[in-house]
Number of protein chains: 2
Amino acid sequence: MVLSTSTREQIVAAADRLFYEHGFAHTSFTAIADAVGISRGNFYYHFRTKDEILAAVIESRVESTRGMLRQWETGAADPAERIRRFIRIVLTNGADIRDFGCPVGTLTAELAKLRHPARPEATAVFTLFRRWLAEQFTALGHASTADEKALHVLAFSQGVATLANAFGDEDFVHREVDRLEDWLAVQLRPADRFPQ
Amino acid sequence: MVLSTSTREQIVAAADRLFYEHGFAHTSFTAIADAVGISRGNFYYHFRTKDEILAAVIESRVESTRGMLRQWETGAADPAERIRRFIRIVLTNGADIRDFGCPVGTLTAELAKLRHPARPEATAVFTLFRRWLAEQFTALGHASTADEKALHVLAFSQGVATLANAFGDEDFVHREVDRLEDWLAVQLRPADRFPQ
DNA sequence: CAGATATTAGGACGATCGTCCTAAGATCTT
DNA sequence: AAGATCTTAGGACGATCGTCCTAATATCTG
């Protein structure tokens, strides 16, 4: 903990990026060590197994997600505007998503197929978004359906990310964002002619 | 081509299932050969590289998808009912999707991360559904927005599959299916009080 | 400055990977 | 029955994987 960014932090950052771009199983110790510019022996000093570095990456993602959600809370007092910020992630991170998909969704799917023990921890990042979105819907007066609506917004983001990655179609992402923002606007008028 | 199911067909079927359950990169020649009950040498006689077996699996999926779409066409004259059949796949294959996600979406995402040359072929399965759905919307009189609506339905299925796999929540899938069927019903009333 | 500790480099290990080869057995043709 | 072809088995190969070990160097502590 001497340098401004310690070796350990550099390793986690490089592994995070490589897991995202190439997947967990396809990223080797050597690839991470090369990305940081250290030897495999040095890597082994900080992380003894591949599961350890995966756990560190997931923990790092949990923390950065918490930070992002906090930032959205301080940046927007209106719960609807907070939800819109989440909806627009697929635009904000558009290039990465077209290239590599959603970091949360793709890692969760991979760990499920690998039957990896860290799968629940990866899913916890989803739960973080889920609960935060549900809080916003609750604040909007939809407590009884907050979790359902949170999952709907999450499903939107995953569907858009998967197809954006498959087809690389930026216009499609814009259209779907507009569509879900319209849906959100309808939710904000609970006494409208249409139920739910 | 002597037996009712040739060795080659058995290999493709086993590889298809293993690619789905464990991912392409994580499925070895040995695992496929063991699943079929043959030696690795025999496997090599039929498929010389991993890319060859992947191409055969994708081709098999393309064909079975074409067959399924044809069956939906003969089984339902109403284009709206045909679209509903697609929407309900996430229920029909509910157990598999909760365990392993969508076969098309997860393979496409993995090949994208691996920068695999067969990525376009895997995406072609998506395109098959996309064009078929667009045809149905066109038949319903929505030619100008048929492709947009087809992508919307595709995005729904991918989002639902990803979250069903992450959370294993069957009720969520049912709710989302109901929601999209409601959306479809609204699309069928073009002169309604709501535009689009 | 000297000793203890933290950090790094680089190679070795057993296992597994995709790939390839050779030879034996099964099947078909005539 | 005999020869040609198709199909199968099983092992060997080089490369890479995750893991581990040892020794050298950097840094901190007194």
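Structure shown above.
Now for a look at the structure at hand. The model shown is predicted, which means the values in this text are computed figures rather than measured ones.

Concerning the overall build of chain A
Link 1 in the chain: In terms of regular secondary structure, chain A is built from 11 helices and 0 strands.
Link 2 in the chain: Considering only C-alpha atoms, chain A reaches an extent of 65 × 35 × 30 Å along its principal axes.
Link 3 in the chain: Each of the 196 residues in chain A was classed as buried or not, and the buried ones make up 51%.

Overview of the nonpolar core
Link 1 in the chain: In this structure, I53 and F86 of chain A together with I53 and F86 of chain B are the most contacted members of the largest nonpolar core, which totals 124 residues.
Link 2 in the chain: Other than its neighbours up to four places away in sequence, F86 of chain B contacts W72, F129, W132, L133, V153, L154 and S157 of chain B.

A short note on the packing of aromatic side chains
Link 1 in the chain: Considering all chains together, one arrives at 18 aromatic pairs over all chains under this definition.
Link 2 in the chain: Between W72 of chain A and W132 of chain A, the aromatic rings sit 5.5 Å apart at their centres with planes inclined by 55 degrees, giving tilted as the arrangement. Within this pair, whereas W72 of chain A is found in helix α4 (residues 50–75), its partner W132 of chain A is found in helix α9 (residues 119–139), the two being separated by 60 residues in sequence.
Link 3 in the chain: Residue W72 of chain A is classed as buried on the basis of its relative accessible area of 11%.
Link 4 in the chain: On the basis of relative accessibility, which here comes to 4%, the residue W132 of chain A falls in the buried class.
Link 5 in the chain: Aromatic side chains W72 of chain B and F86 of chain B sit 6.5 Å apart centroid to centroid with 85 degrees between the ring planes, which places their arrangement in the edge-to-face category. Here F86 of chain B lies in helix α5 (residues 79–87) and W72 of chain B lies in helix α4 (residues 50–75), a separation of 14 residues in the sequence. Taken individually, W72 of chain B and F86 of chain B each receive the classification buried, so the pair is uniform in this respect.
Link 6 in the chain: If you follow K50 of chain A out to its NZ or CZ, it ends over the ring of F24 of chain A, 4.7 Å from the centre.
Link 7 in the chain: Seen from the ring of F167 of chain B, R130 of chain A lies directly overhead, with NZ or CZ sitting 4.7 Å from the centre.

Points about the pattern of salt bridges
Pairing between side chains of opposite charge can happen when the charged atoms of each approach one another.
Link 1 in the chain: Evaluation of the coordinates by the stated rule reveals 22 salt bridges over all chains.
Link 2 in the chain: For D16 of chain A, the salt bridge is made with R61 of chain A, and the minimal N-O distance between the two is 2.9 Å. Residue D16 of chain A is located in helix α1 (residues 7–22), and its partner R61 of chain A is located in helix α4; the two are separated by 45 residues in the primary sequence.
Link 3 in the chain: By relative accessible area, which is 9% here, R61 of chain A ends up buried.
Link 4 in the chain: When the shortest N-O distance is used, the salt bridge between E21 of chain B and R17 of chain B registers 2.7 Å. Separated by 4 residues within a single helix, E21 of chain B and R17 of chain B lie in helix α1 (residues 7–22), roughly one turn from each other.
Link 5 in the chain: Residue classification places R17 of chain B among the partly exposed positions, given a relative accessible area of 36%.
Link 6 in the chain: One salt-bridge network, held together by shared partners, links E81, R84, R85, R88 and E181 of chain A.

What to know about the protein's contact with DNA strand C
Link 1 in the chain: Taken together, 17 residues surround DNA strand C, and among them T7, G41, Y45 and H46 of chain A together with K50 of chain B come closest.
Link 2 in the chain: Near-protein atoms of DNA strand C (within 4 Å) split between backbone and bases, with sugar and phosphate holding 60%.
Link 3 in the chain: Residue T7 of chain A places a side-chain N or O atom 2.8 Å away from a phosphate oxygen belonging to DNA strand C.
Link 4 in the chain: Between a base nitrogen of DNA strand C and a side-chain N or O atom of R40 of chain A, the distance comes to 3.0 Å.
Link 5 in the chain: Of all the secondary-structure elements, those providing two or more residues to the surface near DNA strand C are α3 (40–46) of chain A together with α3 (40–46) of chain B.
Link 6 in the chain: If you tally residues by element for the surface near DNA strand C, the top one is α3 of chain A, at 5 residues.
Link 7 in the chain: Class assignment of the residues belonging to the surface near DNA strand C gives a composition of 5 nonpolar, 8 polar and 4 charged.

Side note on the interface of chain A and chain B
Link 1 in the chain: Contact residues are listed per partner, giving 43 residues for chain A and 43 residues for chain B.
Link 2 in the chain: By the criterion of area lost to chain B, the three top residues of chain A are K113, F167 and R179 of chain A, representing 19% of everything that side buries.
Link 3 in the chain: Seen at the junction of chain A and chain B, the total is 2 salt bridges.
Link 4 in the chain: Note that E148 of chain A and R175 of chain B form a salt bridge whose closest N and O atoms lie 3.7 Å from each other.

Some thoughts on the relation of the copies chain A and chain B
Link 1 in the chain: Its rotation angle being 180 degrees, the transformation that places chain A on chain B also includes 0.0 Å of axial translation and leaves an RMSD of 0.0 Å. Such a combination of rotation and displacement between the chain copies is what one expects of a two-fold axis. Taking the C-alpha atom as reference, chain A places G159 of chain A closest to the rotation axis, 1.8 Å from it.

A few points about the protein's contact with DNA strand D
Link 1 in the chain: Contacts to DNA strand D come from 17 residues, most closely from K50 of chain A together with T7, G41, Y45 and H46 of chain B.
Link 2 in the chain: Protein-adjacent atoms of DNA strand D, using a 4 Å cutoff, are sugar or phosphate at a proportion of 62%.
Link 3 in the chain: For DNA strand D, a base nitrogen lies 3.0 Å from a polar atom in the side chain of R40 of chain B.
Link 4 in the chain: The contact in question runs from a sugar or linking oxygen of DNA strand D to an N or O atom on the side chain of N42 of chain B, over 2.8 Å.
Link 5 in the chain: Looking at which element gives the most residues to the surface near DNA strand D, the answer is α3 of chain B, with 5 residues.
Link 6 in the chain: Its residues assigned to classes, the surface near DNA strand D comprises 5 nonpolar, 8 polar and 4 charged.

The rules behind the values
- Residues numbered from 1 in each chain as written.
- Chains lettered and ligands numbered in written order.
- Predicted model: local features only at pLDDT ≥ 70, side-chain atom pairs only at ≥ 80, totals over all residues.
- Heavy atoms only, no water.
- Helix = DSSP H or I, 4+ residues; strand = E, 2+ residues; numbered from the N terminus.
- Buried < 20%, exposed > 50% of the residue type's maximum accessible area, 1.4 Å probe, protein only.
- Core = buried A, V, L, I, M, F, W, Y, C linked by side-chain atoms within 4.5 Å.
- Contact = heavy atoms within 4.5 Å.
- Phe/Tyr/Trp six-rings, centres within 6.5 Å; stacked < 30°, edge-to-face > 60°.
- Lys NZ or Arg CZ within 6 Å of the ring centre and 35° of its normal.
- Salt bridge = Lys/Arg side-chain N within 4 Å of Asp/Glu carboxyl O.
- Near = heavy atom within 4 Å.
- Polar contact = N/O pair within 3.5 Å; in protein donor to acceptor, adjacent residues only side chain to side chain.
- Nonpolar A, V, L, I, M, F, W, Y, C, P; charged D, E, K, R; others polar.
- Buried area = accessible area lost by both parts, 1.4 Å probe.
- Least-squares fit on C-alpha atoms with pLDDT ≥ 70 in both.

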